[in-house]
Amino acid sequence: MKKFYITTPIYYVNDEPHIGHAYCTVLADVFARYHRLLGNPTYFLTGTDEHGQKLQDTALNKGIEPQRYCDDIVKGFKETWRKLNIKNDDFIRTTEKRHIDVVTLILKKLYESKNEAGQSQIYDAEYEGWYCKYEERYWTEKDLVEGKCPECNRPVQRLSEKNYFFRMSFYQDWLVDYIKNHPQFIQPDFRRNEVLGFLKQPLGDLCISRPKKRLSWGIPLPFDEDYVCYVWFDALINYISAIGYNHETGEFEKDWWPAVHLIGKDILTTHAVYWPCMLKAIGFDDDKMPKTIFATGWWLQEGAKMSKSVGNVIKPLDLVDKYGVDPFRFYLIREMTLGQDATFSEESFIKRYNSELANDLGNLLSRTVKMISSYCDGKIPDCDGKIPEFSEQEKAEQTLDELPYLQVKQLKEELNAFRLNNAVDKIMSFVRSINRFIEHNKPWVLAKQNDKLELNRVLYVAAESLFISAVCLHPIIPSKSEEIISQLGHKIDSKLFSGGLKDWGNLQPGTKIKPGESLFPRLQKVKPETENSEKGEYISFDDFKKADIRVAEVISADKVTGADKLLQLQIKIGKEQRQIVAGIAKNYSPEDLIGKKIIVVVNLQPVKIRGIESNGMLLAATSGKKLVLLTTDMDIESGAGVS
Ligand code: ME8
């Protein structure tokens with residue numbers, strides 16, 4: 001069993017939580033829940049960063065004591081995490097005594113200690129530079145952009161003052177070697193290269209003090225009462241103060257270290273450069289560096305980072321109130337490829353919800369429980385408890401993607417490599433394949449034929465596969481997953497969520513199922529004005545009625561020699577058989593299509609394509625290079641009209 005300690009950034013409390021904060025916290029929660037599910041002892045830390053100039057200014061502007069202001073905002077963060085069903089093990093605040101004590105001790109020890117070259121780890125020096133009050137940092141002349149702060153574009157002040165410096169430059173060579181030799185340390189890979197690029201320049205020392213006369217809201221330096229500690233030096237230490245780091249012994253009260261740090265790409269340098277140098281200086285060996293620093297992308301809106309200063313902030317709770325917490329969590333995890341930027345839009349939210357939650361998962365649950373109610377007396381059917389073998393035909397026709405009991409194995413591999421998107425892709429594709437398995441085996445026909453043995457096999461496989469999918473999706477949609485399991489007549493068992501999920505046979509035959517409400521009712525989107533409606537270019541209903549659109553069944557499919565995009569299909573429309581040619585060979589192989597019900601416009605003028613007659617046109621949805629065939633939601637005989 002692998003210990004797993006995961007952290008989020010500690011968020012500044014000069015603002016209420018927004019979707020960017022929510023994303024990082026939900027993501028950490030999902031990872032933590034997965035590791036618990038896989039039986040790994042897990043600890044999940046989040047918290048708030050409460051010192052510094054921004055906070056002092058915000059509180060002053062509001063005429064409130066900084067501490068009281070922090071207390072109020074922290075309540076909002078905690079409430080947001082509660083509503084988002086975040087199960088963190090601890091919440092650290094940098095104004096807590098347990099944190100201040102550790103920071104103070106570390107500062108004191110570093111001030112008194114020397115590095116391997118015999119130099120003081122912290123020294124004071126007169127420093128002159130351009131200071132940005134908002135970013136709380138100095139810039140050199142060449143850093144400035146048109147005389148302003150390169151980070152926030154605000155005016156800077158020329159300051160000259162005594163300050164304390166951490167001799168970070170001493171650790172540069174060690175850090176470069178460490179990063180090169182530990183590829184998992186900074187993830188994704190392109191971020192590691194970015195940091196190595198940054199480290200090609202000489203690394204300066206880090207100014208770790210702020211004079212109290214300018215900023216008093218911070219942890220006092222233990223060796224000079226006129227100064228407080230720079231907010232980043234204070235904040236990074238939260239990851240070890242929260243688990244009770246003891247500087248004397250180098251031990252932790254709670255033995256969770258080293259951590260996986262999830263962060264946004266904006267705070268990569270502080271985490272991948274300052275933090276390991278600080279740890280090294282404090283006395284951490286190479287094998288005690290953070291396990292992984294994973295930088296996520298940003299949520300963008302209309303191309304800009306979502307942030308208060310840009311004024312395009314989306315408040316997570318507004319969306320949760322509107323659509324429910326699980327769809328919101330699902331959207332965050334599904335829509336953003338881990339490590340890349342993503343664009344938030346309500347339209348993409350609804351699309352994602354309708355296709356994957358309503359159509360794939362919700363539909364699977366409702367048809368499975370309906371059929372078990374109707375055909376199996378409302379009880380999980382008996383399949384002799386054996387792992388059912390799939391017929392050659394089922395395998396050939398790719399009904400179930402994989403044998404269900406491979407799901408958990410795959411999940412482990414993907415998660416250990418931080419490939420969360422692959423993991424979820426695989427689960428959702430498995431869900432779709434269960435729907436295909438049902439369509440292929442047609443339990444409604446088996447019931448009519450009274451083939452009890454086969455009917456039980458098919459419905460047990462469907463229900464057990466759905467159960468396994470629900471458990472695998474639990475970290476993302478915990479409440480809905482529990483509802484699925486409950487409709488299948490089972491309960492969440494704490495053993496199940498600490499590595500007790502069996503590869504197969506979790507559902508007890510004979511258990512009464514409990515059909516409930518539809519899990520994900522479809523969402524209606526107010527249609528945006530289309531180009532046609534704006535131009536008034538409508539077609540009349542009579543025009544539309546001229547198209548004769550019908551359900552057809554594919555009988556055979558063959559590649560067209562010399563045309564790599566074309567397939568030649570023989571289709572059945574009721575009693576009639578005919579041939580069409582379709583440009584779908586890049587998206588479907590002939591084997592995919594046999595037996596599939598498709599939608600065809602049957603009264604189009606026949607044409608010859610590459611010399612082959614095409615008598616009708618199938619319908620497909622396309623987006624870029626993606627093409628998916630239109631089919632029917634439930635089985636219906638070929639020849640049925642579409643209106
Ligand atoms: O930087 N998209 O706190 P912070 C995605 N206190 N993620 C976003 C985001 C967006 N649009 N905006 C913010 C700090 N985030 C420091 C951290 S850690 C020792 C100290 C996320 O409140 C992202 O993870 O500015 C970013 O790194 C984090 O919020 C920073 O939040």
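Below is a summary of the structure that appears in this document.

Criteria and thresholds
Residues numbered from 1 in each chain as written. Predicted model: local features only at pLDDT ≥ 70, side-chain atom pairs only at ≥ 80, totals over all residues. Heavy atoms only, no water. Helix = DSSP H or I, 4+ residues; strand = E, 2+ residues; numbered from the N terminus. Buried < 20%, exposed > 50% of the residue type's maximum accessible area, 1.4 Å probe, protein only. Contact = heavy atoms within 4.5 Å. Core = buried A, V, L, I, M, F, W, Y, C linked by side-chain atoms within 4.5 Å. Near = heavy atom within 4 Å. Polar contact = N/O pair within 3.5 Å; in protein donor to acceptor, adjacent residues only side chain to side chain. Areas by Shrake-Rupley, 256 points an atom, 1.4 Å probe, with all protein chains shown as cover. Nonpolar A, V, L, I, M, F, W, Y, C, P; charged D, E, K, R; others polar. Phe/Tyr/Trp six-rings, centres within 6.5 Å; stacked < 30°, edge-to-face > 60°. Lys NZ or Arg CZ within 6 Å of the ring centre and 35° of its normal. Disulfide = S-S within 2.5 Å. Lys, Arg positive; Asp, Glu negative; His and termini not counted. Salt bridge = Lys/Arg side-chain N within 4 Å of Asp/Glu carboxyl O.

1. Thoughts on the overall build of the chain
Here is step 1 of the chain: On a plain count of helices and strands, the chain comes out with 21 helices and 25 strands.
Here is step 2 of the chain: Overall, the chain is about 90 × 60 × 50 Å in size when its C-alpha atoms are taken along their principal axes.
Here is step 3 of the chain: When each of the 643 residues of the chain is scored for burial, the buried share is 53%.
Here is step 4 of the chain: Long-range contacts, defined here as pairs at least 24 residues apart, represent 73% of the contacts in the chain between residues at least 6 apart.

2. Regarding the nonpolar core
Here is step 1 of the chain: Core analysis: the largest hydrophobic core is formed by 106 residues, its most contacted members being Phe31 and Leu420.
Here is step 2 of the chain: Looking at this core, the element that brings in the most residues is helix α17 (residues 452–473), giving 14 residues.
Here is step 3 of the chain: Contacts of Phe31, omitting those with residues within four sequence positions, involve Phe4, Ile6, Leu262, Leu338, Leu415, Phe418 and Leu420.
Here is step 4 of the chain: Counting 65 residues, the second-largest nonpolar core is a separate cluster that includes Leu45, Val102, Tyr227 and Ala235.

3. Here we look at the site of the ligand
Here is step 1 of the chain: In the region of the ligand, 23 residues are neighbours, and Ile10, Tyr12, Asp49, Gly264 and Trp299 sit closest.
Here is step 2 of the chain: One of the backbone nitrogen or oxygen atoms of Tyr12 is found 3.0 Å away from an oxygen atom of the ligand.
Here is step 3 of the chain: Between a nitrogen atom of the ligand and a main-chain N or O atom of Gly20, the distance comes to 3.4 Å.
Here is step 4 of the chain: When the free accessible area of the ligand is taken as 660 Å², the share hidden by the protein chains comes to 94%.
Here is step 5 of the chain: Residue assignment for the shell around the ligand shows that the elements contributing at least two residues are β1 (4–12), α1 (19–37), α7 (231–236), α8 (238–241) and β12 (260–264).
Here is step 6 of the chain: The leading source of residues in the shell around the ligand is β1, at four residues.
Here is step 7 of the chain: Across the shell around the ligand, the residue classes break down as 13 nonpolar, seven polar and three charged.

4. Some details on the packing of aromatic side chains
Here is step 1 of the chain: Scanning the entire structure with this criterion turns up 35 aromatic pairs.
Here is step 2 of the chain: Aromatic pair Tyr43 and Trp256: ring centres 5.2 Å apart, planes at 20 degrees, arrangement stacked. Within this pair, whereas Tyr43 is found in strand β2 (residues 42–49), its partner Trp256 is found in the loop between α8 and β12, the two being separated by 213 residues in sequence. The residues Tyr43 and Trp256 share a single accessibility class, namely buried.
Here is step 3 of the chain: For the pair Tyr245 and Phe284, a centre-to-centre distance of 5.3 Å together with 40 degrees between the ring planes defines the contact as tilted. One end of the pair, Tyr245, is in the loop between α8 and β12; the other, Phe284, is in the loop between α9 (268–282) and β13 (292–296), with 39 residues separating them in the sequence.
Here is step 4 of the chain: Cluster of aromatic residues (ring-pair linked, three or more members): Tyr5, Tyr43, Tyr239, Tyr245, Phe252, Trp256, Trp257, Trp275 and Phe284.
Here is step 5 of the chain: Lying across the ring of Tyr134, Arg154 places its NZ or CZ 3.5 Å from the centre.
Here is step 6 of the chain: The ring centre of Trp298 lies 4.4 Å from the NZ or CZ of Lys265, which sits over that ring.

5. With respect to the state of the cysteines
Here is step 1 of the chain: One pass over the structure, following the stated rule, counts zero disulfides.
Here is step 2 of the chain: Cys229 provides the cysteine sulfur closest to Cys70, a residue in no disulfide bond, and the two sulfurs are 16 Å apart.

6. What about the side chain of Asp234?
Here is step 1 of the chain: As for its placement among the helices and strands, Asp234 is situated in helix α7.
Here is step 2 of the chain: Buried charge without a partner: Asp234 forms no salt bridge, and the closest opposite charge is Arg210, 11 Å away.
Here is step 3 of the chain: Of the polar contacts made by the side chain of Asp234, one reaches the side chain of His99; its length is 2.7 Å.
Here is step 4 of the chain: When residues no more than four places from it in sequence are discounted, the contact partners of Asp234 are His51, Thr94, His99, Val103, Ile219 and Cys229.

That's the geometry; what it means functionally is another story.
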